[in-house]
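Report on the structure
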Amino acid sequence: MSKIQIFFSCPSVNYGARYRAETNLLDQEYEHDYSVYLSTVPCYLDSYIKIKNPTLYEDLTWSKISVNTWTQEQVVDYVNQHKCNVICFSVYNWNRPTIINLTRNLKSQINHDVIVIVGGPSIEAHGMYDWRQDYKDADYAVFSDGEQAFHDILSHHFYDRSLNILNTHNMLWVKNDQIQKAPAAYIKNTEYSPYLESQHLLQQMVGDPEYQGYEFELSYETSRGCPYSCSFCDWTSGLGPTTVKRKVDYRAELEMIAELGITQLHISDANFGQWPVDVEIARLMAEILPPRGIKTQSPNLSKNKKDRAYEILEIWIDAGVCDGGKFAVQDIDPTILANIDRPDISWEEHKKYIRHLKSRFPDRTFSLEGIKGLPGQTRKTWQHLLREAYQLNLCLEFYTWIIIPNSPAVYDPEYMKKFQIRTREIKSNKHSMISGSFSFNELDIAYFNFTQLTYKMLSWFGVTLDEFDEFNRNIPSLWEKKYFTKLLLTLYNSGSVSPRVVNQILREVFSDHALSVKYADCWQEFLHDSRVIHRGYHSAGIA
Ligand code: SF4
């Protein structure tokens, strides 16, 4: 038979501007980045078939791994021209609206037989999901780990192997007009390296003429799953707290990756530092990445192995792998953390680690990361959080809670009811954000956003704690009317606060304010280049 030609698409960048805008992250960022985020999903799918079914593997070709946002016309032209017979879309929260549009009336424009597969963390894994309402022309919807499902779909179509709910896992399809749902299964792939086995696909992407001139970023996962089930999160598609570590030659993996020509390696484990071997991996990264100029972001570190997690962060900052650190706490109030089923050490214990790291690396930026719109949050808890963060001189990275289908909060109807959670659809991308709960309403959401913005400016000024408190205590009702409404509008239109609006609000609020007079130099700096406040915080600190 002729080769099976695969067209794989994971639209993650759009002319250099990453799709973060849709996931509400843009309010933290000011400048577009010009990088291509290489997808490692094809490596997982390809290596599984290579190991399990060498005969099928012989027949596979990955014609195109597309990580830019193409129009439907571009997809159709490519698939027709290259006679691709499998089209895969890798669906995440940020590219879901794009893929919904790409799959609408897609098949009728393809001039040969083709199967269309949608898969990824944004495919609902709970209940009998009719994916065709969203991805009109998709033949299969694959949820959670997709290796076996992908293999079984290809075996069914190209080798006549039977396909039924008893012999496959993690997918939905239609048979005799009935939706079939194969049960969920945890696919272990601990004994081999998808990166090494299918490195030719990574090389194919970096060599693709379409991506020349961009910088490359790559996600790197050394484990699978997460031992927790935080209510807002869809890790492992919300299918349970199983977790497993790959046992491979990490040095060989990292050396191969370092030769690809990437500039950023994103550690994508849910809890890096959970396993003792993670320290070894961290040391390998510290040895291998800096000579090639490769950096990594501050990763998601283990929640309950903090000594090890922060030892790793120190290794990376010392080696120049990481520029700073992030403390992903979601909130610092124990009741709120209990409401979202988030196990972690207490805030007082966190503070010891933060102080230690800040004294070790006084010129680095450290951030507190979390979510706005968690049940139990009030203006008072939020004020307390801001004050604590300000005292520790932390950058704030707090995002609005966008609900995602595979998160426990969504698939467990009791959860929403218990905390009286209300949602509102975002106009531009049809996601829903949390707009209220038993403890806050929409104006409070706007207040959280407003004070997060002004926190940036107050940090940039380096105001005293008394000034910080006074500013937040005395927010005029005029501001509440004017700016809160503006913020709510931008949230409901796009799910995030655009840098343009951030800039405008800060300029208006502080233009005549006593603090911008007192801190005139910083204010002038901001007026001349408002990006200064996005580049980091004063390192002096007031604590
Ligand atoms: S937020 Fe992190 S710790 Fe919680 S379930 Fe998701 S990945 Fe796991």
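Model, not experiment: these values are computed from the prediction.

Here we come to the overall build of the protein. For the protein, the count of helices and strands is 21 helices and 20 strands. Seen through its principal axes, the protein has C-alpha atoms that stretch 75 × 50 × 40 Å. The 543 residues of the protein split such that 45% are buried. In the protein, 76% of the contacts between residues at least 6 apart in sequence involve partners at least 24 apart.

It is worth spelling out helix H13 (residues 379-391) at this point. When the terminal C-alpha atoms of H13 are compared, their 18 Å separation across 13 residues agrees well with the 18 Å that a helix rising 1.5 Å per residue should span. Here H13 has its buried residues at Trp382, Leu385, Leu386, Ala389 and Tyr390. Projected onto a plane normal to the axis of H13, the buried residues spread over an arc of 130° and lie on a single side. Where the residues of H13 are buried, they touch strand S16 (366-372), strand S17 (395-400), helix H16 (442-461) and helix H17 (465-473).

What follows covers the nonpolar core. Ranked by internal contacts, the top residues of the largest apolar core, which has 78 residues, are Ile117, Val118, Ala141, Val142 and Met171. In terms of domain composition, this core takes at least three residues from each of domain 1 (4-181) and domain 2 (192-213 + 222-322). In this structure, Phe366, Leu394, Leu491 and Trp523 belong to the second largest nonpolar core, which totals 64 residues.

With that settled, the discussion passes to the environment of Glu349. Here Glu349 is to be found in helix H12 (residues 347-360). You can call Glu349 exposed: it has 11 C-beta atoms within 10 Å. Each C-alpha atom, one on Glu349 and one on Lys306, is 9.7 Å from the other, the two residues being 43 residues apart in sequence.

Hydrogen bonds along the backbone pair up the strands of a sheet, which may run parallel or antiparallel. Here we have 3 strands laid out as an open sheet, ordered S18-S20-S19, and antiparallel in their pairing. At either end of the open sheet lies a strand with only one pairing partner, and these are strand S18 (402-403) and strand S19 (422-425). Sheet analysis places S19 next to strand S20 (residues 432-436), joined by 4 bridges and oriented antiparallel. Directly across from Thr423, in S20, lies its bridge partner Ile434.

All right, on to the site of the ligand then. Around the ligand, the neighbouring residues are Cys226, Tyr228, Ser229, Cys230, Cys233, Trp235, Ala270, Asn300 and Lys303. The residue makeup of the shell around the ligand, split by class, is 6 nonpolar, 2 polar and 1 charged.

Another aspect to go through is the environment of Leu201. Considering the arrangement of structural elements, one finds Leu201 in helix H7 (residues 199-207). The class of Leu201 is buried, set by 22 C-beta atoms lying within 10 Å. For the pair Leu201 and Asp278, spaced 77 residues apart in sequence, the C-alpha to C-alpha distance is 26 Å.

With that settled, the discussion passes to the sheet that holds strand S14 (residues 295-296). Sheet architecture is open: 4 strands sit in the order S3-S10-S13-S14, paired in parallel fashion. Both edges of this open sheet fall to strand S3 (35-38) and S14, since each of them pairs with a single strand only. When S3 meets strand S10 (residues 215-220), the two strands line up parallel, connected through 4 bridges. Its bridge partner being in S10, Val36 is matched across the sheet by Phe216.

This next bit is on unusual backbone geometry. With the exception of glycine, most residues fall at negative phi, and the peptide bonds are largely trans. In this structure, Asn176 is a non-glycine residue whose phi angle is positive, near 50°. Here Asn176 is to be found in the loop between strand S8 (171-175) and strand S9 (178-181). For Asn176, a count of 5 C-beta atoms within 10 Å translates into the label exposed. A positive phi is found at Asn393, a non-glycine position, where the angle reads about 55°. Considering the arrangement of structural elements, one finds Asn393 in the loop between H13 and S17. Take Asn393: there are 20 C-beta atoms within 10 Å of it, and that puts it in the buried class.

A few words now on the packing of H13 against H17. Running from N to C, H13 and H17 cross one another at 155°; their axes reach a closest spacing of 11 Å. Regarding the angle of H13 to H17, the classification is roughly antiparallel. Classified by chirality, the crossing of H17 by H13 is right-handed. Judged by residue contacts, Gln383, Leu386, Tyr390 and Gln391 of H13 engage Leu465, Phe468 and Asn472 from H17.

It is worth spelling out the domain arrangement of the protein at this point. Parsing the protein into structural domains produces domain 1 (4-181), domain 2 (192-213 + 222-322) and domain 3 (345-543). Once you take the C-alpha centre of each, domain 1 and domain 3 turn out to be 36 Å apart.

On to the packing of helix H10 (residues 306-319) against H12, then. The interhelical angle for the contact between H10 and H12, taken along N-to-C directions, is 15°, at an axis separation of 11 Å. Taken together, H10 and H12 sit at an angle that is classed as roughly parallel. Seen from above, H10 lies across H12 with right-handed handedness. For the pair formed by H10 and H12, the contact residues are Lys306, Tyr310, Leu313 and Glu314 on the first element and Tyr353, Leu357 and Arg360 on the second. For the contact of H10 with H12, the per-class residue count stands at 4 nonpolar, no polar and 3 charged.

The rules behind the values
- Residues numbered from 1 in each chain as written.
- Predicted model: local features only at pLDDT ≥ 70, side-chain atom pairs only at ≥ 80, totals over all residues.
- Helix = DSSP H or I, 4+ residues; strand = E, 2+ residues; numbered from the N terminus.
- Buried ≥ 20, exposed ≤ 12 C-beta atoms within 10 Å, placed from the backbone.
- Contact = placed C-beta atoms within 7 Å.
- Expected span 1.5 Å × (residues − 1).
- Arc of directions from axis to C-beta.
- Core = buried A, V, L, I, M, F, W, Y, C linked by C-beta atoms within 7 Å.
- Domains from an automatic or database assignment.
- Pairing = 2+ DSSP bridges.
- Near = placed C-beta within 6 Å.
- Nonpolar A, V, L, I, M, F, W, Y, C, P; charged D, E, K, R; others polar.
- Axes fitted to C-alpha atoms, helices over the stretch in contact; angles between N-to-C directions.
- Parallel < 35°, antiparallel > 145°, perpendicular 65-115°, else oblique.
- Left-handed = near helix turned anticlockwise from the far one by under 90°.

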